[in-house]
Amino acid sequence: MLYLRTADEIIFGLLSILGIFAVYYGMIILRALVKHIKDRAPLSSYLLNPEKIRTPYFLFAGLFAFLTGLMAFSDFLDGGFNPATTLQYSTFFLGFIFAVIASVFIILDMHFWYTRFKRFI
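All figures in this text were calculated on a predicted structure; none of them were measured in a lab.

The rules we used
- Residues numbered from 1 in each chain as written.
- Predicted model: local features only at pLDDT ≥ 70, side-chain atom pairs only at ≥ 80, totals over all residues.
- Heavy atoms only, no water.
- Helix = DSSP H or I, 4+ residues; strand = E, 2+ residues; numbered from the N terminus.
- Buried < 20%, exposed > 50% of the residue type's maximum accessible area, 1.4 Å probe, protein only.
- Areas by Shrake-Rupley, 256 points an atom, 1.4 Å probe, with all protein chains shown as cover.
- Contact = heavy atoms within 4.5 Å.
- Phe/Tyr/Trp six-rings, centres within 6.5 Å; stacked < 30°, edge-to-face > 60°.

> Is there a simple way to explain the overall build of the protein chain in this structure?
From N to C terminus, the protein chain includes 4 helices and 0 strands. In sequence order, the protein chain lays out its α and β elements as α-α-α-α. Scored against the burial criterion, the 121 residues of the protein chain give a buried share of 36%. Only carbon and sulfur atoms are counted for the fraction: they give 73% of the accessible area of the protein chain, which is about 8200 Å².

> What's the story with the environment of A99 in this structure? I'm lost.
You can see A99 is positioned in helix 4 (residues 86-117). With 28 residues separating them along the chain, A99 and M71 place their C-alpha atoms 9.9 Å apart. Those residues in contact with A99 that sit more than four places away from it in its chain are L15 and T68.

> Honestly, the packing of aromatic side chains in this entry has me stumped. Any pointers?
For any pair of aromatic rings, the description rests on two quantities: the centre-to-centre distance and the angle between the ring planes. If you walk through the whole model with that rule in mind, you get 11 aromatic pairs. On the basis of an interplanar angle of 90° and a centroid distance of 5.1 Å, the ring pair of F92 and F96 is categorised as edge-to-face. With a gap of 4 residues between them, F92 and F96 both fall in helix 4, about one helical turn apart. With relative accessibility at 11%, the residue F92 sits in the buried group. Exposure remark for F96: the relative accessible area of 15% places this residue in the buried category. An aromatic cluster of at least three residues, connected via ring pairs, comprises F21, Y24, Y25 and Y114.

In structure tokens, the structure reads:
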């Protein structure tokens, strides 16, 4: 039982640290968008440079968020919120792992937009 608690603390710690980065990047992005609400300069500069457009990270974040939801649903079906068997432990921890991976891709996507918009502040 000690192992389960330590792993939860590590995973929630990672999610908290990623959340701090997300708040910072989000505030800068919103500040740039609000500052240039009339001239739409940040969005125009991004859309006028097609060579910088690449596969967005939010597609990967959406995939891992779907897998997180799937693991949470399977936890609900097999009673894995209080794990006792190997299957319940695996679905329980896979949900956390997919959530961390989805968070990483969300942060990468926000960093992508942050690098594009920080020059407009």
